[in-house]
Every structure is written in C-alpha cells, then in structure tokens.
Amino acid sequence: MDLTVSHSQFDAVRGAKHLPDVLKHVLEGARPAGDGLVLHLTYDEATALQELCAWNVHSDDAGNVTPESRPFDDLVRAIITHPEY
C-alpha cells in the first residue's frame, strides 16, 4: 500500500524510540509527493508502523491526545482506514 504522510508525521516516526529496522528501510525509500512523502508498505510493514505509532499516542488528564503525539494518532487512523490495509 502507498501511504502519504506529512513531513511532521515522517519526522515523528523517524525520531521514535525503538524504530525497527524494517521501518527504517521503509523510511529510506520514501518518495516526495506534494507537501509530504509517500511510504510504500507491505501489510506487515503497515501493521508494524501502526503498532509503533499506537505506542506513541499519549493523552492528557482530560483524555485528549497530546499535541506532541498528534502525528502518531493521525497515522494510526490513516493506516487502519486505508482501503488497502
């Protein structure tokens, strides 16, 4: 599947702790697309990315996603709603 991500989403994933080698390889293959980048992901890679992002979504005391983790939350939503996932 091809997933278009913003530069802030890309940077968030690239800077995540414990980034698996399989996702490092995906990020290295990112292609520019408009204001963002396109990641080409297999189903397993998309699942790994979704899980990594889900681990990095945090909420405040009111249950709202923190601004710092918004890029991860948006990626989780983009992956699980992608028609090819």
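Conventions used here
Residues numbered from 1 in each chain as written. Predicted model: local features only at pLDDT ≥ 70, side-chain atom pairs only at ≥ 80, totals over all residues. Heavy atoms only, no water. Buried < 20%, exposed > 50% of the residue type's maximum accessible area, 1.4 Å probe, protein only. Helix = DSSP H or I, 4+ residues; strand = E, 2+ residues; numbered from the N terminus. Pairing = 2+ DSSP bridges. Contact = heavy atoms within 4.5 Å. Polar contact = N/O pair within 3.5 Å; in protein donor to acceptor, adjacent residues only side chain to side chain. Phe/Tyr/Trp six-rings, centres within 6.5 Å; stacked < 30°, edge-to-face > 60°.

Participant: I'd like to hear about the pairing of strand β3 (residues 36-40), residue by residue, with values.
Facilitator: A regular strand places its side chains so that they alternate between the two faces of the sheet. Counted residue by residue, β3 has four buried out of five residues, so it is predominantly covered. By the bridge criterion, five bridges tie strand β1 (residues 2-6) to β3 in an arrangement that is antiparallel. Residue D2 lies in a different strand from β3, and its bridge partner there is H40. Where strand β2 (residues 31-33) and β3 come together, three bridges link them in antiparallel fashion. When the sheet's bridge partners are listed, A33 is paired in β3 with G36. Linking β2 to β3, which pair antiparallel, is a turn of two residues; within it G34 sits at a positive phi near 60°.

Participant: Lay out the environment of L27 in plain terms, naming residues and giving numbers.
Facilitator: Structurally, L27 can be placed in helix α2 (residues 21-28). Spatially, the C-alpha atoms of L27 and V13 are 8.7 Å apart, while their sequence positions differ by 14 residues. The residues contacting L27, other than those within four sequence positions of it, are F10, V13, R14, L19 and L39.

Participant: Could you give an account of the side chain of S69, with specific residues and numbers?
Facilitator: Note on placement: S69 falls in the loop between α3 (43-55) and α4 (70-80). For S69, a relative accessible area of 1% corresponds to the buried category. Within polar-contact distance, the side chain of S69 engages the backbone oxygen of H58 at 3.1 Å.

Participant: Report on the packing of aromatic side chains, specifying residues and quantitative values.
Facilitator: The tally for this structure, following the rule as stated, stands at one aromatic pair. On the numbers, 5.0 Å between centres and 20° between planes, the contact of Y43 with Y85 is stacked. With a gap of 42 residues between them, Y43 in helix α3 and Y85 in the segment after α4 connect regions that are remote in the sequence.

Interpretation note: all reported values are geometric properties and have no functional meaning in isolation.
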